[in-house]
Amino acid sequence: MKKTKGPGLLLIGVGNIFASTIIAGFLLGWVVDKWLSTQPIFMLVFGLMGFVGGSLKVYRMLSDPELQ
């Protein structure tokens with residue numbers, strides 16, 4: 001008999017992954033903006049990319065039937 005994980009642990013991991021990808025995108029964009037001395041355009045672009053990437057990762061994690 002295969003023991004399955006509870007949904008609570010999965011949801012904590014999903015939340016951490018989603019938040020960390022968005023934060024990493026904003027931080028990377030902030031560093032690039034400081035390096036190039038530009039307006040916060042790269043921070044917004046990389047933050048949006050982090051949001052999209054995090055959303056795709058969360059979708060893949062939650063739609064995997066083996067994790068449920």
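Before any of the text, the structure's been laid out above.
Just so it is clear, the structure is predicted and the values come from calculations on it, not from any experiment. (Residues numbered from 1 in each chain as written. Predicted model: local features only at pLDDT ≥ 70, side-chain atom pairs only at ≥ 80, totals over all residues. Heavy atoms only, no water.)

Draft legend 1. Looking closely at the overall build of the protein chain. Within the protein chain one finds 2 helices and 0 strands. Among the 68 residues that make up the protein chain, the fraction classed as buried is 18%. The contacts of the protein chain with a sequence gap of at least 6 include a subset with a gap of at least 24, amounting to 45%. Put simply, the protein chain shows about 5,400 Å² of open surface, and 74% of that area lies on carbon and sulfur atoms. (Helix = DSSP H or I, 4+ residues; strand = E, 2+ residues; numbered from the N terminus. Buried < 20%, exposed > 50% of the residue type's maximum accessible area, 1.4 Å probe, protein only. Contact = heavy atoms within 4.5 Å. Areas by Shrake-Rupley, 256 points an atom, 1.4 Å probe, with all protein chains shown as cover.)

Draft legend 2. Summary view of helix H2 (residues 41-63). The first and last C-alpha atoms of H2 sit 33 Å apart over 23 residues, in line with the 33 Å expected at 1.5 Å per residue. Burial in H2 covers these residues: Gly47, Gly50, Gly54, Val58 and Met61. Along its buried surface, H2 packs onto helix H1 (7-36). (Expected span 1.5 Å × (residues − 1).)

Draft legend 3. Summary view of the environment of Ser20. When you line up the elements, Ser20 lands in helix H1. It is 8.2 Å that separates the C-alpha atoms of Ser20 and Gly54, two residues lying 34 residues apart in sequence.

Draft legend 4. Spotlight on the packing of aromatic side chains. Inspection of every chain in the model, using the stated rule, returns 2 aromatic pairs. Centre to centre, the rings of Phe18 and Phe51 are 5.6 Å apart; their planes meet at 65°, and the pair counts as edge-to-face. Residue Phe18 is found in helix H1, and its partner Phe51 is found in helix H2; the two are separated by 33 residues along the sequence. On the numbers, 6.1 Å between centres and 55° between planes, the contact of Phe42 with Phe46 is tilted. Residue Phe42 and its partner Phe46 are located together in helix H2, separated by 4 residues, close to a single helical turn. (Phe/Tyr/Trp six-rings, centres within 6.5 Å; stacked < 30°, edge-to-face > 60°.)

Draft legend 5. Unusual backbone geometry, seen in detail. With a phi angle near 55°, Ser37 is a residue other than glycine that sits in the positive phi range. Locating Ser37 in the fold gives a position in the loop between H1 and H2. Residue classification places Ser37 among the exposed positions, given a relative accessible area of 65%.

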